[in-house]
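# Descriptive analysis of the structure
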Amino acid sequence: MARELIFDTNLLIAYERGTIPREKFDDDEIAIGAITVAEFRVGIELADTPERAAERARILAAMLSSLDVLDYTEATAAEHGQLLAHVRRTGRPRGAHDLIIAAHAVESRRVVVSRDAAARFGDLPGVVADEAP
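None of the values given here were measured: they were computed from a predicted structure. (Residues numbered from 1 in each chain as written. Predicted model: local features only at pLDDT ≥ 70, side-chain atom pairs only at ≥ 80, totals over all residues. Heavy atoms only, no water.)

### Digging into the sheet that holds strand 4 (residues 111-114)
In spatial order, the strands read 3-2-1-4-5; together these 5 strands make up an open sheet with parallel pairing. Looking at the sheet topology across the chains shown, the edges are occupied by strand 3 (68-70) and strand 5 (128-131). Strand-to-strand, the axes of this sheet are offset by a mean angle of 35 degrees, without reference to chain direction. As judged from the 3 bridges shared by strand 1 (residues 4-7) and strand 4, these two strands associate in the parallel manner. Looking at the pairing, Leu5 lines up with Val111 of strand 4. Its contacts with the sheet put helix 2 (residues 34-45) on strand 1, strand 2 (29-33) and strand 3, and the angle it makes with strand 2 is roughly 70 degrees. (Pairing = 2+ DSSP bridges. Helix = DSSP H or I, 4+ residues; strand = E, 2+ residues; numbered from the N terminus. Axes fitted to C-alpha atoms, helices over the stretch in contact; angles between N-to-C directions. Contact = heavy atoms within 4.5 Å.)

Shown next, in the form of C-alpha cells:
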C-alpha cells in the first residue's frame, strides 16, 4: 500500500549521495516542500566546482520530475502559524524551514521522513514522522 510521504531536505541529499535504499520508497507517493527545493539549491550555489554544481542541478531536475512540490499556500501558512505558536509556548525552538515542512505534512496529511533527529518532527502536534533508513 502506497504511503503519502514528505521528505526533509536531508533525504534529497542522501538520494544524491546514494546513501539511502531508494527501492524502499518505490511504492510511495513522495512530495517535498518548495522550501526543500530552495535548500537543495543552496548546495548547487555553494558547490566547490562548476562541474559539481552542474551535477547537483541535473540530480535535482531528475528528482523534481518524479516528486510533487508543495507550494506554500494560505492553508500552509495557517498550519505554520499554529506550529510556530506551539514551539514558542513550549520553549522548544525549531528550525524555521523544518516548521514549514511540518506545516506541509499536517496540511497534506503526509508522513515526514527525515534523518534529522534534532528536528523532532514527531513531537509536533498533528505531525506524523518516520525515521529514514
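### Observations concerning the nonpolar core
The biggest cluster of nonpolar side chains holds 20 residues, and the ones touching the most others in it are Phe7, Leu11, Leu12, Phe25, Phe40, Met63 and Val113. Secondary-structure elements contributing two or more residues to this core are strand 1, helix 1 (9-17), strand 2, helix 2 and helix 3 (50-64). Among the elements that take part in this core, helix 3 stands out by supplying 4 residues, more than any other. (Core = buried A, V, L, I, M, F, W, Y, C linked by side-chain atoms within 4.5 Å. Buried < 20%, exposed > 50% of the residue type's maximum accessible area, 1.4 Å probe, protein only.)

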